[in-house]
Amino acid sequence: MPENHQALLEVRGLVTEFSLEQGTIAANADVHIRVRAGQTLGIVGESGSGKSVLCRAILRLIPSPPGRISAGEILFDGTDLLTLSEAEMRRVRGTRIKMVFQNPMTSLNPVRRIGDQITEGLSVHYGVSKRDARDQGVELLRRVGIPSPESRVREYPHQWSGGMLQRAVIAMAMAGEPQLLLADEPTTALDVTIQDQILALLLELQERTHMAMLLVSHDLAVVAETCDQVAVMYAGRIMESASTKALFDAPMHPYTVGLMNSIPDMGAAAERLVPISGQPPDLLHLAPGCPFAPRCAHASSDCAETPIALNEVAPGHHTACLYPERITRGAP
Amino acid sequence: MSAANRDKDVVLTVEDLAIDFNVARSLAQLLQGAPRQHLRAVDRVSFEVRRFETLGLVGESGCGKTTLGRALLRLYRPSAGRIDFLGQDLASLGHRELRALRSDMQMVFQDPYSSLNPRMTVGQTIGEVLKFHKICGPQERTAEVGKLLDLVGLSGAMAGRYPGTLSGGQRQRVGLARALAVRPSFIVMDEPVAALDVSIQAQILNLLKDLRDELGLTMLFIAHELSVVRHMSTRLAVMYLGKIVEIGEAGAVFSSPSHPYTQGLMKSVPRLIPERRHRDAVLKGDVPSPLNVPTGCRFHPRCPLAQDICRRVEPPLIKLGGEHASACHLAEQAQSSWK
């Protein structure tokens, strides 16, 4: 096998807690994920499921207080990032793991030229001279599909459209060719035709550089089209993880099935959707067992009482459900 | 109302409607005597809404769909054109008449966080509407609020709660109850589920369908998400840069779209098919600025089919057959090459 079987990133038993006035919540509770070089892992979940916190935890960007990583390991290329000094961590963030956020406008400084911002990392982390940085900035913008980048490097963020800004942020992330890209809802703020362009760009860049990617999205369809592996998150936990094909062809967790049934299909005007009943989980008041149990049609009394670990139910297919055999697609 | 309109039971007729906004000038521009600039958000649009139908209005941000929806409730004054609602020209109405009319037409907004007053309880928010429009006397108000909450699937106990303690889905239900309080026949839904998570979105979409059938509502349903619009609409209009570029019965538009923009939009939507895509983006480039609308067909700079005529001549909305109309010189060619 030409590909290195070792995972580039492996998160084990990660717990990220936040202290609030009303109590402590676990935004990530015992999270396990693996990503290999050249592969994309999709993290899918609704708001509050902990998917963005996971990205930030990997980069150790959890504001403390109120947040804190209280357990687990984040193995990147064999090193536990949680053991690194802040200076070493800064170097990792600048060169090897990069992140793209949802709203490109908040990732860019409105009063600095786009070209300068894209290449700042190159000067800081690689000691590239100003002149070379300018040339590389132009080249990076060309690679992400900005027309006439020579003149546009001198422009400011307000002069660019949302789609172009997200390209610029991606160019900034690609400077120095990172091994891992964390993309946190990179297309959510964009229109569908622009989303289409950005997804095409991300996949093309990945094919060219063989980087690993973590794509966080609330949109199952985006993940289905772009990821090799998928992990479904709910209330800070991974509920199910599998290859994309296995997860969509034969989901093994009632929450995954519920999400799929909630989405209207563009191909047909279905009469009724099958929503997930009840309200999203309140992280302050979770039962010790499965957090989805109160909304689940298959739940028994055991579900709410005992913590449920991820079990391998088929090769590479893990689910945190006591009754995966009860689940069929279309009937949650 | 003309005789022809009455035959089809038309609720709302829009003719050549245009909405302009003034563009702010900087001090420097003022000193240089730069002329006042207008941004035409809705550019001479015509369509009608028929009783009991849901007309879906879809398009990307900045295409004018929200402006159009608001204009129908006379939240903006038209720069040109007419809006006829049940035989009255909205543009000519004064305050008092508008107020009366608004008990027949209502709006549900996208953001359930900013559209509710955080310092008023749910009961006060809905009760205020009942009081203002004199729907019922003070004694019956509490009971009426309870009925409305029940209608949108909330418990009566919610009346005492503040919006801050509600989830997004619950807030959107409150927004809906407030709109329904005046018993309108026509509701403009402006992205009513865009801010919600998918599991909650499905609950709200089902509720909207139920209420529409139960109460016999006529709707303009504005959304950017094609699958949601498909789910809700009986007819569909597609907007691009202030213009309706395609309109027709929803099934027909989705099965055989005739405008290259509609086609591009449909192909851009990711599908639940678990295979890594290897294609390039369907539509290249950005939507042009409405301050600098391209000549001819405004879609031509992004259109894969564009020819010389498209750069020169603006295509009118022309019927292709039946209800289906398209503003494209090459509509028949585009339609026959679909899929």
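Conventions adopted
Residues numbered from 1 in each chain as written. Chains lettered and ligands numbered in written order. Predicted model: local features only at pLDDT ≥ 70, side-chain atom pairs only at ≥ 80, totals over all residues. Helix = DSSP H or I, 4+ residues; strand = E, 2+ residues; numbered from the N terminus. Rg over C-alpha atoms; globule rule 2.2 N^0.38 Å. Buried ≥ 20, exposed ≤ 12 C-beta atoms within 10 Å, placed from the backbone. Contact = placed C-beta atoms within 7 Å. Nonpolar A, V, L, I, M, F, W, Y, C, P; charged D, E, K, R; others polar. Domains from an automatic or database assignment. Pairing = 2+ DSSP bridges. Axes fitted to C-alpha atoms, helices over the stretch in contact; angles between N-to-C directions.

1. Brief notes about the overall build of chain B
1) Next: Of the regular secondary structure elements, chain B holds 13 helices and twelve strands.
2) Next: Against the globule reference of 20 Å for 339 residues, chain B gives a C-alpha radius of gyration of 21 Å, in line with a compact fold.
3) Next: With respect to the principal axes defined by its C-alpha atoms, chain B has extents near 70 × 55 × 50 Å.
4) Next: Residues counted as buried form 46% of the 339 residues belonging to chain B.
5) Next: A sequence separation of at least 24 residues applies to 66% of the contacts in chain B between residues at least 6 apart.

2. A word on the interface of chain A and chain B
Interface size is often expressed as the accessible area that is lost when the parts come together.
1) Next: Between chain A and chain B, the contact holds 40 residues from the first and 35 residues from the second.
2) Next: Of all the secondary structure elements, the ones that give two or more residues to the side of chain A that touches chain B are α7 (162–174), α8 (192–209), α9 (220–226), α10 (244–249) and α11 (254–262) of chain A.
3) Next: Partitioning the side of chain A that touches chain B into residue classes produces 20 nonpolar, eleven polar and nine charged.

3. Looking at the domain arrangement of chain A
All names here are of chain A.
1) Next: Taken domain by domain, chain A comprises domain 1 (9–96 + 180–326) and domain 2 (103–177).
2) Next: Each of domain 1 and domain 2 has a C-alpha centre, and the two are 29 Å apart.
3) Next: Facing the 14 residues of domain 1 at the interface are 15 residues of domain 2.
4) Next: Those elements that place two or more of their residues in the side of domain 1 that touches domain 2 are α2 (86–95) and α8.

4. Some words on the sheet that holds strand β4 (residues 67–76) of chain A
Residues and elements named next belong to chain A.
1) Next: With respect to topology, four strands assemble into an open sheet ordered β2-β1-β4-β5, the strand pairing being antiparallel. Looking at which strands have only one partner, the edges of the open sheet turn out to be β2 (23–35) and β5 (79–80).
2) Next: As defined by bridge partners, strand β1 (residues 9–20) adjoins β2 across nine bridges and the pair is classed as antiparallel. Looking at β2, one finds that Leu20 is bridged to Gly23.
3) Next: On top of the sheet, helix α1 (residues 51–58) reaches β1, β2 and β4; it is set at about 70° to β2, its chief contact.

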